[in-house]
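# Structural overview
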Amino acid sequence: VLQLNPSREPMTELAVRQAISCAIDRQDVLDTALLGEGAVTGPLTMPAYRSDPGALFCYERDVEKAKQLMADAGYEDGFSATVIAATGEPPTAAAEAQVIQSQLAEIGIKLDIKMMELNVYVDTWLKGDFDMAVALNGGRADPYSMYNRYWTKDGNLQHVANYIDDTLDSLMQEGRVETDFDKRKEIFSKFETHLAEVSPWIWLYTGYTYTAQQKNVKGFVPSPTGTLFGLTEVSVGE
């Protein structure tokens, strides 16, 4: 995910954030940084809640729309900003930043890439001290547990996201208490649609996860959460 900082000008402007979203070619970022080994996804990356990203705001790249949005916000000549990325975490961070830098240049945004050692990056990120950040958006099997820390008014990382509105907060709270799956999915679909439209972050892609095992290993089933609890069922033959 490309995290914007909506508390810093000009990312305080909705049209600027939307312009950035429209200018990003997510498939190109995926193909270049990860050799296509993944899928373009919206905010909800978990299979049970995932929807067609093509239905989300500006997931099809539209440079002309991006330029018009920049002009509407008073930035037809563009602006300069810095994007931070961690060295080696993820390994694709530098490549992602370079592709994004090239794409945003087409709408006049001059992006300076600042690579940091991971511990420096984490400290900077936790302070919310960035214009933009190339980041890993840790996945969860449930939308609420994945995002309540960022997109609720009392989330412990709300100061990192630097954006909240009543719609995001209320939909998160509705989804938290709803027990009917179909109704819950509808609630979080609205949440995802709104989040993509207000564009505080620009979701890029979800990489595939691979496991390798020898032929004599039996009973191992990969878990979507990465847990190794399934090793209790594993046997190793001759």
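Report on the accompanying structure.

Let us now look at the nonpolar core. In globular proteins that are soluble, nonpolar side chains generally tend to be buried together. Core analysis: the largest hydrophobic core is formed by 72 residues, its most contacted members being Ile-20, Leu-104, Met-132, Trp-151 and Phe-191. Leaving out residues up to four positions away in the same chain, Trp-151 has contacts with Ala-161, Tyr-163, Ile-164, Leu-168, Asp-169, Met-172, Phe-191, Leu-195, Pro-200, Trp-201 and Trp-203.

It is worth spelling out the pairing of strand S4 (residues 109–116) at this point. Here 8 bridges tie strand S3 (residues 79–86) to S4, and the two strands are oriented parallel to one another. Counted as the bridge partner of Ser-80 is Lys-110 from S4. Handedness of the crossover joining S3 and S4 through helix H4 (residues 93–105): right-handed.

By the definition in use, this model includes 1 cavity of 30 Å³ or more. For the largest cavity, the calculated volume is near 30 Å³. Contributions of two or more residues to the lining of the largest cavity are made by helix H9 (181–198) and strand S6 (201–202). Here the residues of the lining of the largest cavity are counted per class, giving 6 nonpolar, 2 polar and 1 charged.

The subject of this paragraph is the environment of Ala-15. Turning to its location among the elements, Ala-15 is positioned in helix H1 (residues 14–23). It is 7.1 Å that separates the C-alpha atoms of Ala-15 and Asp-72, two residues lying 57 residues apart in sequence. Not counting the four nearest positions on each side in its chain, Ala-15 is found in contact with Leu-69 and Ala-73.

Strand order in the open sheet made by the 5 strands is S4-S3-S5-S1-S6, with mixed pairing throughout. In this open sheet, the two edge strands, each paired with only one partner strand, are S4 and S6. Across the sheet, helix H5 (residues 118–126) lies against strand S1 (2–4), S3, S4 and strand S5 (132–134), angled at about 125° from S3, the strand it touches most.

Parameters and conventions
- Residues numbered from 1 in each chain as written.
- Predicted model: local features only at pLDDT ≥ 70, side-chain atom pairs only at ≥ 80, totals over all residues.
- Heavy atoms only, no water.
- Core = buried A, V, L, I, M, F, W, Y, C linked by side-chain atoms within 4.5 Å.
- Buried < 20%, exposed > 50% of the residue type's maximum accessible area, 1.4 Å probe, protein only.
- Contact = heavy atoms within 4.5 Å.
- Pairing = 2+ DSSP bridges.
- Helix = DSSP H or I, 4+ residues; strand = E, 2+ residues; numbered from the N terminus.
- Right-handed = clockwise from strand over helix to strand, strands pointing away.
- 1 Å grid on protein atoms, 1.4 Å probe; cavity = no way out; pocket = protein on both sides within 12 Å on 5 of 7 lines; lining within 4 Å.
- Points joined across faces, edges and corners; volume = space filled by probe spheres on them.
- Nonpolar A, V, L, I, M, F, W, Y, C, P; charged D, E, K, R; others polar.
- Axes fitted to C-alpha atoms, helices over the stretch in contact; angles between N-to-C directions.

These values are about where atoms sit, not about what they do.
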